[in-house]
Amino acid sequence: ELKVEQNPLFLSMQEGKNYTIYCNYSTTSDRLYWYRQDPGKSLESLFVLLSNGAVKQEGRLMASLDTKARLSTLHITAAVHDLSATYFCAVDRTSDTDKLIFGTGTRLQVFP
Amino acid sequence: GAVVSQHPSRVICKSGTSVKIECRSLDFQATTMFWYRQFPKKSLMLMATSNEGSKATYEQGVEKDKFLINHASLTLSTLTVTSAHPEDSSFYICSARPPPGTSGYLTDTQYFGPGTRLTVL
């Protein structure tokens, strides 16, 4: 059974600081996604990572994928308050393309 | 603009009644759509895969007679929560993925609807 775990579950950080969210998954998968969710809202797609070593950046967020270690990271650079949200990684189930298994989520709070 | 819409965005109903939630793919035809539920401060759990023109595929532990899914057209899937109870109260989210070759969209990405918050009294 594919399991996806994130850590930390909760992250409180000061503006201007850097931090990394980790996403571990238990079995081989072709694709890994990062989503953002604001309170009471749906999911916004941030990154799609399709191959080992993939790195993508958008603004203060950078995501990477190591398929051998079954690990993805979401790095936050010089955090700002607007980044406060819950971040989910999700992995395609091995045998069922398109069926996403979501990580536990990381609730990020950025304070002045 | 929105790629996937849901209606209603919020619904409150009495225990024992049925509630229908619509999910529409606005910009592309989707032969497959997905339904998730999310409890407060929890992650998303895949409930079922909605297949246009055929029966939905349910995940283990999801009651197909309770959560009826109909995918009558290439742009519309509906989820009906039958005989709703308070424990069915949740945030229901649908998603769709653009078919390969769809111009202007990331075909490797699922686009999520805005969600429907169901409260059963």
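Each remark here, short or long, concerns the structure printed above.
All values derive from a computational prediction rather than experimental measurement.

1. A look at the overall build of chain A
Now for step 1: Helix and strand counts for chain A come out as zero helices and eleven strands.
Now for step 2: Rg of the C-alpha trace for chain A: 13 Å, near the compact-globule value of 13 Å for 112 residues, within the 12% margin.
Now for step 3: When the backbone C-alpha atoms are referred to their principal axes, chain A occupies close to 45 × 30 × 20 Å.
Now for step 4: Counting every position in chain A, which comprises 112 residues, the buried fraction comes to 46%.
Now for step 5: For chain A, the share of sequence-separated contacts (at least 6 apart) that also reach a separation of at least 24 residues comes to 54%.
Now for step 6: Surface exposure of chain A reaches about 5,600 Å², of which carbon and sulfur atoms provide 48%.
Now for step 7: Positive and negative side-chain charges of chain A, numbering 12 and 12 respectively, have mean locations separated by a distance of 2 Å.

2. Points about the interface of chain A and chain B
It is common to give the size of an interface as the accessible area lost on bringing the parts into contact.
Now for step 1: Counting residues at the interface gives 21 residues for chain A and 22 residues for chain B.
Now for step 2: For the pair chain A and chain B, the summed buried surface comes to about 1,600 Å²; carbon and sulfur atoms form 50% of the total.
Now for step 3: Here chain A is connected to chain B by one salt bridge.
Now for step 4: Taking the shortest distance from any N to any O, the salt bridge between B:Glu59 and A:Lys99 comes out at 3.3 Å.
Now for step 5: Between chain A and chain B we count five residue pairs in polar contact (both at pLDDT 80 or more) in total.

3. Section: unusual backbone geometry
Now for step 1: Residues A:Asn7 and A:Pro8 are joined by a peptide bond in cis, for which omega reads 0°.
Now for step 2: By the secondary structure assignment, A:Pro8 is in the loop between β1 (4-7) and β2 (10-14).
Now for step 3: Here B:His7 and B:Pro8 are connected by a cis peptide whose omega angle stands at 0°.
Now for step 4: By secondary structure assignment, the location of B:Pro8 is in the loop between β1 (4-7) and β2 (10-13).
Now for step 5: Notably, B:Lys41 is not glycine yet its phi reads approximately 60°, a positive angle.

4. A look at the side chain of B:Ser95
Residues and elements named next belong to chain B.
Now for step 1: For Ser-95, the location among the structural elements is in strand β9 (residues 90-96).
Now for step 2: For Ser-95, a relative accessible area of 0% puts it in the buried group.
Now for step 3: Reaching out from Ser-95, the side chain makes a polar contact with the side chain of Gln-110 at a distance of 2.5 Å.

5. With respect to the sheet that holds β1(A)
Residues and elements named next belong to chain A.
Now for step 1: Spatially, the five strands line up as an open sheet ordered β1-β3-β8-β7-β6, and their pairing is antiparallel. Only two strands of the sheet have a single neighbouring strand rather than two, namely β1 and β6 (55-58). Strand-to-strand twist of the sheet, defined as the mean angle between neighbouring strand axes without regard to direction, takes the value 15°.
Now for step 2: Pairing of β6 with strand β7 (residues 61-66) involves four bridges; the strand directions are antiparallel. Across the sheet, residue Glu-58 finds its bridge partner in β7, namely Leu-61.

6. As for the packing of aromatic side chains
Now for step 1: Enumeration according to the criterion identifies nine aromatic pairs over all chains in this entry.
Now for step 2: Look at A:Tyr33 and A:Tyr35: their rings are 6.2 Å apart centre to centre, the planes differ by 20°, and that puts the pair in the stacked class. As far as the burial class goes, A:Tyr33 and A:Tyr35 line up, both buried.
Now for step 3: Taken together, A:Tyr33, A:Tyr35, A:Phe88, A:Phe102, B:Tyr36 and B:Phe112 form an aromatic cluster joined through their ring pairs.

7. Some thoughts on the pattern of salt bridges
Residues and elements named next belong to chain B.
Now for step 1: Per the counting criterion, the structure on display carries five salt bridges over all chains.
Now for step 2: The partner of Glu-22 in a salt bridge is Arg-24, with the nearest N and O atoms 3.5 Å apart.
Now for step 3: Among the residues examined, Arg-24 registers a relative accessible area of 34% and is labelled partly exposed.
Now for step 4: The residue Asp-88 makes a salt bridge to Lys-66 at a minimum N-O spacing of 2.9 Å. Taken as a pair, Asp-88 in the loop between β8 (76-81) and β9 and Lys-66 in the loop between β6 (57-58) and β7 (67-73) lie far apart in primary sequence, 22 residues in all.
Now for step 5: A relative accessible area of 12% places Lys-66 in the buried class.

Parameters and conventions
Residues numbered from 1 in each chain as written. Chains lettered and ligands numbered in written order. Predicted model: local features only at pLDDT ≥ 70, side-chain atom pairs only at ≥ 80, totals over all residues. Heavy atoms only, no water. Helix = DSSP H or I, 4+ residues; strand = E, 2+ residues; numbered from the N terminus. Rg over C-alpha atoms; globule rule 2.2 N^0.38 Å. Buried < 20%, exposed > 50% of the residue type's maximum accessible area, 1.4 Å probe, protein only. Contact = heavy atoms within 4.5 Å. Areas by Shrake-Rupley, 256 points an atom, 1.4 Å probe, with all protein chains shown as cover. Lys, Arg positive; Asp, Glu negative; His and termini not counted. Charge placed at Lys NZ, Arg CZ, Asp CG, Glu CD. Buried area = accessible area lost by both parts, 1.4 Å probe. Salt bridge = Lys/Arg side-chain N within 4 Å of Asp/Glu carboxyl O. Polar contact = N/O pair within 3.5 Å; in protein donor to acceptor, adjacent residues only side chain to side chain. Pairing = 2+ DSSP bridges. Axes fitted to C-alpha atoms, helices over the stretch in contact; angles between N-to-C directions. Phe/Tyr/Trp six-rings, centres within 6.5 Å; stacked < 30°, edge-to-face > 60°.

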